[in-house]
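Close look at the chain arrangement
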Amino acid sequence: MSKKRLDVNWSQGAQSATDFKRLLVRYKSYLKEIGLRKSTIESYVGCVGRYLEFAQTDRPSADDSVKFRELLHERGLSRSTINNYSFGIQNYHKMLGESVPVQFLKENEHIPYYFDEDDVLRIFSICHNIKHLAMLQTLFYGCLRASELCHLDDGDLDLKNLTIRVREGKGGKDGIVFISNECAATLKRYLEVRPPLEIDGDYPLFYTDFGRRWDRKDLYRMFITYKKKAGVEKQGGAHVFARHTPATIMIAKGCDIRIVKEVLRHRDIRTTLRYAHVADKTKREKYEQYLVL
């Protein structure tokens, strides 16, 4: 079943487009002032841009908001995507000093997809590009979000102590993540052949062959390429690889859920509990080990 496209006319008159653009620039500044991270700002600005085009006014009404959400549902978008639109719309009206009621959807408590150890090793073994391997290992062993990996600078890396500083992670929080000796060795080899490059006054740890920072979409495509080459057919992209999979592997091997919470830098342990499922084989082993009369 094909998804319906948003009923948005992208060919509006110059005056309307200019007005929306001016408002979106103001909205972007507002989001920066309230402390949202760059990736969140870009997402909200995109959502609100489509919202304004749909409403054909820079002052959408509560009815416009309801109709737009109905359209998102008709498109079959995920609950998290619809909630993302809702957060963006809510913040836009807050900027205007308006209160528009927005109903957020409860996330499905589904078991997350994940890869097993063999899948991860196959992906690593098929990757012969030292930069790509360094990125994939840093992503996995650091349990990083895609945007966090793309935001890393050279100064965030501490190979001696096997740690990486994450700046302005989810919720604008900084953090320290661990990496393995294997990952550190790969990063060292990568840095030996990679010349430093200054971009906007910073020195990104990873940059593309075109001299710019990686973005999440590029990283996703790169991961999917290696996943296919490795013959891994399970569902899931870079986020499943770097977040769901390490958490599942740690828990399956008996790691305390509270430690996993800290490693993944979750604010609420209820988020971590989504990963408290383990492979059927592990469940059977624990069942036979502990349910003994």
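Just above sits the structure.
Just so you know, these numbers come straight off a predicted model, no measurement behind them. (Residues numbered from 1 in each chain as written. Predicted model: local features only at pLDDT ≥ 70, side-chain atom pairs only at ≥ 80, totals over all residues. Heavy atoms only, no water.)

Charged atoms that come close allow side chains of opposite charge to pair. Scanning the entire structure with this criterion turns up 18 salt bridges. Across the pair arginine 265 and glutamate 148 runs a salt bridge whose closest N-O atoms are separated by 2.9 Å. Of the two residues, arginine 265 sits in the loop between helix 11 (257-264) and helix 12 (269-272) while glutamate 148 sits in helix 7 (residues 146-150), which places them 117 residues apart along the sequence. A relative accessible area of 4% means that glutamate 148 is categorised as buried. Measuring nitrogen to oxygen at the nearest pair gives 2.8 Å for the salt bridge that ties aspartate 154 to arginine 194. Placement of aspartate 154 in the loop between helix 7 and strand 1 (157-158) and of arginine 194 in the loop between helix 8 (181-193) and helix 9 (216-229) is noted, with a sequence separation of 40 residues between them. Residue classification places aspartate 154 among the partly exposed residues on the basis of a relative accessible area of 23%. Each of Asp116, Asp119, Arg122 and Lys234 takes part in one network of salt bridges that share partners. (Salt bridge = Lys/Arg side-chain N within 4 Å of Asp/Glu carboxyl O. Helix = DSSP H or I, 4+ residues; strand = E, 2+ residues; numbered from the N terminus. Buried < 20%, exposed > 50% of the residue type's maximum accessible area, 1.4 Å probe, protein only.)

On to the pairing of strand 2 (residues 163-166). In this sheet, strand 2 lies alongside strand 1 in antiparallel orientation, the contact comprising two bridges. Following the sheet pairing, leucine 157 is matched in strand 2 by isoleucine 164. Where strand 1 hands over to strand 2, the hairpin turn is made up of four residues, of which leucine 162 adopts a positive phi near 55 degrees. (Pairing = 2+ DSSP bridges.)

Okay, the sheet that holds strand 2 next. On the basis of which strands lie adjacent, the open sheet formed by three strands has the order 1-2-3 and antiparallel pairing. On the outer flanks of this sheet lie strand 1 and strand 3 (175-178), each paired with one strand and no other.

With that settled, the discussion passes to the packing of helix 2 (residues 38-55) against helix 3 (residues 62-74). In the contact formed by helix 2 and helix 3, the axes pass within 10 Å of each other and the chain directions differ by 110 degrees. Classified by the interaxial angle, the pair formed by helix 2 and helix 3 is roughly perpendicular. Remark: the crossing between helix 2 and helix 3 carries right-handed chirality. Between helix 2 and helix 3, the contacting residues are Arg50, Tyr51, Phe54 and Ala55 on the first element and Asp64, Ser65, Lys67, Phe68 and Leu71 on the second. Of the residues belonging to the contact of helix 2 with helix 3, the class tally is five nonpolar, one polar and three charged. (Axes fitted to C-alpha atoms, helices over the stretch in contact; angles between N-to-C directions. Parallel < 35°, antiparallel > 145°, perpendicular 65-115°, else oblique. Left-handed = near helix turned anticlockwise from the far one by under 90°. Contact = heavy atoms within 4.5 Å. Nonpolar A, V, L, I, M, F, W, Y, C, P; charged D, E, K, R; others polar.)

What follows deals with the packing of helix 6 (residues 130-141) against helix 9. Close contact between helix 6 and helix 9 brings their axes to 11 Å; oriented N to C, the two are set at 100 degrees. When the interaxial angle is binned, helix 6 and helix 9 end up roughly perpendicular. Along its contact with helix 6, which presents His132, Met135, Leu136 and Leu139, the element helix 9 presents Leu219, Met222, Phe223 and Tyr226. For the contact of helix 6 with helix 9, a count of residues per class yields seven nonpolar, one polar and no charged.

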